[in-house]
Amino acid sequence: MNTPATDAAVALVTGGNKGIGLETARRLVEAGCRVHLGARDPDLGKPAADSIGAHFLQVDVTSQESVDRAAVTVEQTDGHLDVLVNNAGITGPIAAAGDYTPDDATAVLLTNVVGYVRMIHAFLPLLERSTNPRIVNVSSGLGSFGLFHDDSRIESRFGSPLYAASKAGINMLTARYARLLPHLRINAADPGMTATDLSGGQGHSVQDGTDAIVAYALAGPGGVTRTFRDRDGDLPW
């Protein structure tokens, strides 16, 4: 996917202290954006932000107080937001089917789904002040029913039902929000199997994994909305 040039957009990337989030933030800084690198832990987030020339923003997507405080900070420093990249997430446990508990499901959905809704709700007023507002929801092919039913794809064979369910929820949230908010461009990106802590270091590079995210984030006015893509193109929801 191509990544067109952008003006100095204001962007926020959650879960930005490592992996997909850090590489996304780095590439947006490189493209000339003013980037708020969001992370829960200042001891991890601030050095990460400093290392790429981003601005550290303390934000825990599971805490309404934390998210509201982060929105106030961005309003005070920038007055608006052009790009929100919802990336913060957890895999949850990998276990036998009978061993997953309600508490396991609650933890995964609270971070991966409710956290995205919390961020959109808090930052929508700032996005609506932008002339080119974009939301990029980091999802996964594991949340695609179409890929699940394609026996040639690894997504059809992989376990992790709680994580997959959370990503299916993100896909539907993306599609519905995009329809309800046509003045924003809201899309879902699949990094694919990327070599990060979440994948145990397996997969392609973080640069490959962030191609679709960055392309959506840097798209100029009139770009697509309500789509789901990886670096190679469109995916089935």
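Below, the structure is looked at part by part.

Calculation criteria
Residues numbered from 1 in each chain as written. Predicted model: local features only at pLDDT ≥ 70, side-chain atom pairs only at ≥ 80, totals over all residues. Heavy atoms only, no water. Helix = DSSP H or I, 4+ residues; strand = E, 2+ residues; numbered from the N terminus. Expected span 1.5 Å × (residues − 1). Buried < 20%, exposed > 50% of the residue type's maximum accessible area, 1.4 Å probe, protein only. Arc of directions from axis to C-beta. Contact = heavy atoms within 4.5 Å.

## Considering helix H3 (residues 64–77)
Thinking step 1. Under the 1.5 Å per step criterion, the end-to-end length of H3 is 20 Å for 14 residues, consistent within 8% with the ideal 20 Å.
Thinking step 2. Where H3 is concerned, the buried positions are Ser66, Val67, Ala70, Ala71 and Val74. Projected down its long axis, H3 shows its buried positions confined to an angular sector of 135 degrees, all on one face. More than 90 degrees from the buried face of H3, the exposed residues found are Glu65 and Gln76.
Thinking step 3. Of the surrounding elements, those touching the buried residues of H3 are strand S2 (34–39), strand S3 (55–58) and helix H4 (102–127).
Thinking step 4. Downstream of H3 by one or two residues, Gly79 has phi in the positive range, about 80 degrees.

## Overview of helix H1 (residues 19–30)
Three or four residues apart is the spacing at which side chains of an α-helix point the same way, because the helix has 3.6 residues per turn.
Thinking step 1. Compared with the 16 Å implied by 1.5 Å per residue over twelve residues, the 17 Å span of H1 between its first and last C-alpha is a close match.
Thinking step 2. Taken residue by residue, H1 has Ile20, Gly21, Glu23, Thr24, Ala25, Arg27 and Leu28 as its buried positions.
Thinking step 3. Those residues of H1 that are buried are in contact with strand S1 (10–13), S2, helix H2 (42–52), strand S4 (83–86) and helix H7 (206–218).
Thinking step 4. One or two positions beyond H1, positive phi appears at Gly32, with a value near 100 degrees.

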